[in-house]
Amino acid sequence: MSKKILLLVGDYVEDYEAMVPFQAMLSVGLQVDSVAPERKKGDTVPTAVHDFVGDQTYKELGGHRFAITADFDQVNPADYDGLYIAGGRAPEYTRLNKKVIEITRHFFDKDKPVAAICHGIQILTAARVLEGRTLTAYVTIGPDIELAGGTWKNIPADQAIVDGNLTTSPAWPGHQAILKEFYNLLGITITLP
């Protein structure tokens, strides 16, 4: 039976950080449910495209509509083998949702694989699951990690860090690295002919 992954998004999730892992995980045979607070199966959320153009921070543009594939209110984290938290602006407010925090804590309490990218780490800081952990995030989240008891590492955007059941990457250029590490945490081996 295929492993089930819960992909946590919300309004103005970073476009690539939702679309790319969703499609990549499906392509290797994982079952993926995308959810967002206050959304039901068949709804969509707006995405934002964050591009790095040489300014002090990223430039934000409108993205696509991202499909929600399961009812948030019906999610039981015990039904899932892993959690993937996308970034963008969504985590800034989805971390205020009590059920988002409960879901996140479940995966850490049960030592199940968790991947979080860019601003997705804001959900981890709010869930208070980073004590003693080493991880990365978009540079502006570094102080939040330290305040939550974790150790932040400023690594290139195309890399990822693994600490126990958790893998993190600073931004969407790290998809190959974070997905590879997430697959490893899930016990998935991909072999080429």
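Scroll up to find the structure.
Residues numbered from 1 in each chain as written. Predicted model: local features only at pLDDT ≥ 70, side-chain atom pairs only at ≥ 80, totals over all residues. Heavy atoms only, no water.

A.B. asks: Quick question: what am I supposed to make of the nonpolar core here?
C.D. replies: General note: in soluble globular proteins, nonpolar side chains tend to be found buried as a group. One finds Val9, Met25, Tyr84, Ile121, Leu124 and Leu130 to be the most contacted residues of the largest nonpolar core, which totals 58 residues. Among the elements of the structure, β1 (4-8), α1 (15-27), β3 (31-35), β6 (82-85), α3 (98-109), β7 (114-117), α4 (121-127) and α6 (175-186) are those that each provide at least two residues to this core. Leaving out residues up to four positions away in the same chain, Val9 has contacts with Ala18, Val35, Ala36, Pro37, Val45, Phe66, Ile68, Ala86, Ala90 and Thr94. (Core = buried A, V, L, I, M, F, W, Y, C linked by side-chain atoms within 4.5 Å. Buried < 20%, exposed > 50% of the residue type's maximum accessible area, 1.4 Å probe, protein only. Helix = DSSP H or I, 4+ residues; strand = E, 2+ residues; numbered from the N terminus. Contact = heavy atoms within 4.5 Å.)

A.B. asks: Before we go on, may I ask you to explain the packing of α1 against α6 in this structure?
C.D. replies: Relative orientation and spacing of two packed helices are given, respectively, by the angle between their axes and the distance between those axes. Where α1 meets α6, the closest approach of the two axes is 11 Å, and the angle between their N-to-C directions is 45°. Taken as axis vectors, α1 and α6 run oblique relative to one another. In the packing of α1 onto α6, the handedness of the crossing is right-handed. Contacts between α1 and α6 involve Tyr16, Glu17, Val20, Pro21, Ala24 and Met25 from the first element and His175, Leu179, Phe182 and Tyr183 from the second. Residue composition of the contact of α1 with α6, by class: eight nonpolar, one polar and one charged. (Axes fitted to C-alpha atoms, helices over the stretch in contact; angles between N-to-C directions. Parallel < 35°, antiparallel > 145°, perpendicular 65-115°, else oblique. Left-handed = near helix turned anticlockwise from the far one by under 90°. Nonpolar A, V, L, I, M, F, W, Y, C, P; charged D, E, K, R; others polar.)

A.B. asks: What am I meant to see in the sheet that holds β3 here?
C.D. replies: Hydrogen bonding along the main chain pairs the strands of a sheet, whether they run parallel or antiparallel. Within the open sheet, the six strands sit side by side as β3-β1-β6-β7-β11-β10. Their pairing is mixed. If you trace the sheet from one side to the other, it starts and ends with β3 and β10 (161-163), each paired once. Across this sheet, the average inter-strand angle for adjacent strands is 20°, counted without regard to direction. Examined bridge by bridge, β6 and β7 share three bridges and lie parallel to one another. In the strand pairing of β7, Leu83 is matched with Val114. Most of the contacts of α3 go to β6, to which it runs at about 130°, and overall it touches β1, β6, β7 and β11 (166-169). (Pairing = 2+ DSSP bridges.)

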